[in-house]
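# Structure at a glance
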Amino acid sequence: MSENALLEVKDLKKHFPIKGGIFRKTVGQVHAVDGVSFTLQPGETLGLVGESGCGKSTLGRTIIRLYDVTAGSMKFQGSDITNAEGEDLRPVRRNMAMIFQDPYASLNPRMTVSEIIEAPMAVHNKGIKSERREKIADLLEVVGLRAKMANRYPHEFSGGQRQRIGIARALILQPKLIIADEPVSALDVSIQAQVINLMMQLKDQFKLTYIFIAHDLAVVEHISTTVAVMYLGHIMEKASSKALYANPKHPYTQALIQAIPIADPKKRKAAGEKQTLQGDIPSPITPPSGCVFHTRCPLAEERCKSEVPALRNLGENGGEHLVACHLV
Ligand code: SF4
């Protein structure tokens, strides 16, 4: 394990069986995550990006052990959590929290805000009632709501306010790692920036480490220290945010960056014609052989169909810039 790493993921796989026939036999596998490795240092924000269906949300949910691991290993704060169960899973659940995409579906409509935020404390038997109330009131203020809103129900709040409630719930046990699964995609553009700014501020205040999942590279640019681009269950490129946006090396990353809308008409003209990605992401049930991106890659050669490209470090001056492409 890398020294002081908060999380180390090695060759992680998560496959979902497909059942068919009258005996519900396994007739295939969805290769949602197919051999992902990375290390996360304390204080880092890893932006995990890719089109829908690339496996990024499954990866987040497998790390927090909402799903069992198919193969590979994971260490959190030096402890192997790959197959942790029962009591061994409690510290994982206490030190990792998740913020979900849909602030409407992720909050129980029959519970008050106070009950929603308190739930993780009750599960982990933390604090007495008065202490919990005080903590909830403090947290509501921290996330930009009012303490007196604690007795209201989710339907009385806007989408942005609900996501703030979800953030308060994630913070209540003072976790070390927060996995935010598309936390702003369901929000209006004007509200997205407010929630991202809040998360950046909380990161410093609570000394958090984030895995920030998004389908849009533009969203993670300002919040991430490192960005990993995923495609069909694999990491295609991983580098510091600065290096990845300034010098994207993988054809898939280049296409995603090209797809970012440019608001300024002068810059739009200077950027020239956009190269858009053709076709849909292939099925993860029968992923393409060789480089999984070869069916959509404008640079694909014959060997791309049979040889899997290794994730190689092409970083300069000792920096890490990992790329999985034969031609780079
Ligand atoms: Fe394209 Fe081949 Fe590189 Fe894959 S290995 S990204 S198909 S050029």
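As a starting point, this report considers the structure included with it. (Residues numbered from 1 in each chain as written. Predicted model: local features only at pLDDT ≥ 70, side-chain atom pairs only at ≥ 80, totals over all residues. Heavy atoms only, no water.)

Close contacts around the ligand come from His250, Pro251, Cys291, Phe293, His294, Cys297, Leu299, Ala300, Cys304, Cys325, His326 and Leu327, and that covers them all. When each cavity is represented as a set of grid points, the ligand is found to reside in the largest cavity. When grouped by side-chain class, the residues that make up the shell around the ligand number 9 nonpolar, 3 polar and no charged. (Near = heavy atom within 4 Å. 1 Å grid on protein atoms, 1.4 Å probe; cavity = no way out; pocket = protein on both sides within 12 Å on 5 of 7 lines; lining within 4 Å. Sits in = over half its atoms within 2 Å of the grid points. Nonpolar A, V, L, I, M, F, W, Y, C, P; charged D, E, K, R; others polar.)

Right, let's talk about helix H6 (residues 189-206) for a bit. Residues that lie three or four places apart on an α-helix share one face, since the helix turns once every 3.6 residues. In this model H6 runs 26 Å from its N-terminal to its C-terminal C-alpha over 18 residues, within 8% of the 26 Å that 1.5 Å per residue would give. For H6, the set of buried residues is Gln192, Val195, Ile196, Leu198, Met199, Leu202 and Lys203. Buried residues in H6, looked at end-on, bunch into an arc of 160°, giving them a common side. Exposed side chains of H6 directed beyond 90 degrees from the buried face belong to Ser190 and Asp204. (Helix = DSSP H or I, 4+ residues; strand = E, 2+ residues; numbered from the N terminus. Expected span 1.5 Å × (residues − 1). Buried < 20%, exposed > 50% of the residue type's maximum accessible area, 1.4 Å probe, protein only. Arc of directions from axis to C-beta.)

Take the packing of aromatic side chains next. Scanning all chains against the criterion turns up 4 aromatic pairs. For the pair Phe16 and Tyr67, a centre-to-centre distance of 5.2 Å together with 85° between the ring planes defines the contact as edge-to-face. Residue Phe16 is found in strand E1 (residues 7-20), and its partner Tyr67 is found in the loop between helix H1 (56-63) and strand E4 (71-76); the two are separated by 51 residues along the sequence. Residue classification places Phe16 among the partly exposed residues on the basis of a relative accessible area of 25%. On the basis of relative accessibility, which here comes to 26%, the residue Tyr67 falls in the partly exposed class. Grouping aromatic residues by their ring pairs yields a cluster made of Tyr231, Tyr252 and Phe293. Above the plane of the ring of Phe16 lies Lys14, whose end atom (NZ or CZ) is 5.0 Å from the centre. (Phe/Tyr/Trp six-rings, centres within 6.5 Å; stacked < 30°, edge-to-face > 60°. Lys NZ or Arg CZ within 6 Å of the ring centre and 35° of its normal.)

The subject of this paragraph is the layout of surface pockets. Roughly 460 Å³ of volume is contained in the largest pocket. Lining the largest pocket are 21 residues, and of these Arg93, Ala97, Met98, Pro120 and Arg169 lie nearest its centre. For the lining of the largest pocket, the secondary structure elements donating two or more residues are helix H2 (90-95), strand E6 (96-99), helix H3 (113-123) and helix H5 (159-171). Classifying every residue of the lining of the largest pocket gives 15 nonpolar, 3 polar and 3 charged. Roughly 270 Å³ of internal volume is contained in the second largest pocket. What lines the second largest pocket is Val189, Gln192, Ala193, Ile196, Asn197, Asp216, Ala218, Val219, Glu221, His222 and Ile260. Counting only elements with at least two residues in the lining of the second largest pocket, the list comes to H6 and helix H7 (217-220). (Points joined across faces, edges and corners; volume = space filled by probe spheres on them.)

Attention now moves to the pairing of E6. Strand residues, when the strand is regular, have side chains that alternate between the two faces of the sheet. Because side chains alternate across E6, one face comprises the buried residues Met96 and Met98, and the other comprises Ala97 and Ile99, equally buried. Pairing of E6 with strand E7 (residues 177-181) involves 4 bridges; the strand directions are parallel. Counted as the bridge partner of Met96 is Leu177 from E7. (Pairing = 2+ DSSP bridges.)

Quick look at the pairing of strand E2 (residues 25-40) now. Of the pairings in the sheet, the one linking E1 to E2 comprises 12 bridges and is antiparallel in character. Along E2, the bridge assignment pairs Lys13 with Asp34. In textbook terms, the turn of a hairpin is the stretch between consecutive antiparallel strands, and for E1 and E2 this stretch comprises 4 residues, one of which, Gly21, has a positive phi near 75°.

Closest axis-to-axis distance for the H5/H6 pair is 10 Å, and the angle between their directions is 20°. It follows that H5 is roughly parallel to H6 by the angle criterion. By crossing handedness, the relation of H5 to H6 is classed as right-handed. In contact with Gly160, Gln163, Arg164, Ile167 and Leu171 of H5, H6 contributes Ile191, Gln194, Val195, Leu198, Met199, Leu202 and Phe206. By residue class, the composition of the contact of H5 with H6 is 8 nonpolar, 3 polar and 1 charged. (Axes fitted to C-alpha atoms, helices over the stretch in contact; angles between N-to-C directions. Parallel < 35°, antiparallel > 145°, perpendicular 65-115°, else oblique. Left-handed = near helix turned anticlockwise from the far one by under 90°. Contact = heavy atoms within 4.5 Å.)

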